[in-house]
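Residue-level listing of the chains:
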Amino acid sequence: MADYAPQLKRLLEEAGCTFHRQGRGDRELWYSPHTNRHFPVDGKIKSRHTANGVLKQAGLAKAF
């Protein structure tokens, strides 16, 4: 299975989202200027549905 986390983080950075802080375990908290909210991103994302869910939380269109 593929790991979508590196591609997802690159897309978030290109869209203007920024890393906020490290969360519990392997989670990171990111900030989206599009939705003005913080959202979690797992260190390893094995499902494209989960990756698209993170993009939705960031206010971005599906990419996977």
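Residues numbered from 1 in each chain as written. Predicted model: local features only at pLDDT ≥ 70, side-chain atom pairs only at ≥ 80, totals over all residues. Heavy atoms only, no water.

Enquirer: Talk me through the pairing of strand β1 (residues 18–22); I want residue IDs and the actual numbers.
Expert: Regular strands have side chains that alternate between both faces of the sheet. Sheet analysis places β1 next to strand β2 (residues 28–32), joined by four bridges and oriented antiparallel. What sits directly across from Thr-18, in β2, is Tyr-31. (Pairing = 2+ DSSP bridges. Helix = DSSP H or I, 4+ residues; strand = E, 2+ residues; numbered from the N terminus.)

Enquirer: An account of the packing of aromatic side chains is requested, with residue identities and associated values reported.
Expert: A ring pair, where both rings are aromatic, is described by two values, the distance of the centres and the angle of the planes. Counted under the stated rule, the structure contains two aromatic pairs. Both rings, one in Tyr-4 and one in Phe-64, keep their centres 5.2 Å apart while their planes meet at 70°; by these two values the pair is edge-to-face. With Tyr-4 in the segment before α1 (5–14) and Phe-64 in the segment after α2 (48–57), this pair connects stretches of sequence that are 60 residues apart. Note on Phe-64: relative accessible area 22%, which makes it partly exposed. Seen in terms of ring centroids, Phe-19 and Trp-30 are 6.2 Å apart; in terms of plane orientation they differ by 85°. Their pairing is edge-to-face. Taken together, the residues Phe-19 in strand β1 and Trp-30 in strand β2 connect sequence positions 11 residues apart. According to the relative accessible area criterion, Phe-19 is partly exposed, its value standing at 42%. Among the residues examined, Trp-30 registers a relative accessible area of 3% and is labelled buried. (Phe/Tyr/Trp six-rings, centres within 6.5 Å; stacked < 30°, edge-to-face > 60°. Buried < 20%, exposed > 50% of the residue type's maximum accessible area, 1.4 Å probe, protein only.)

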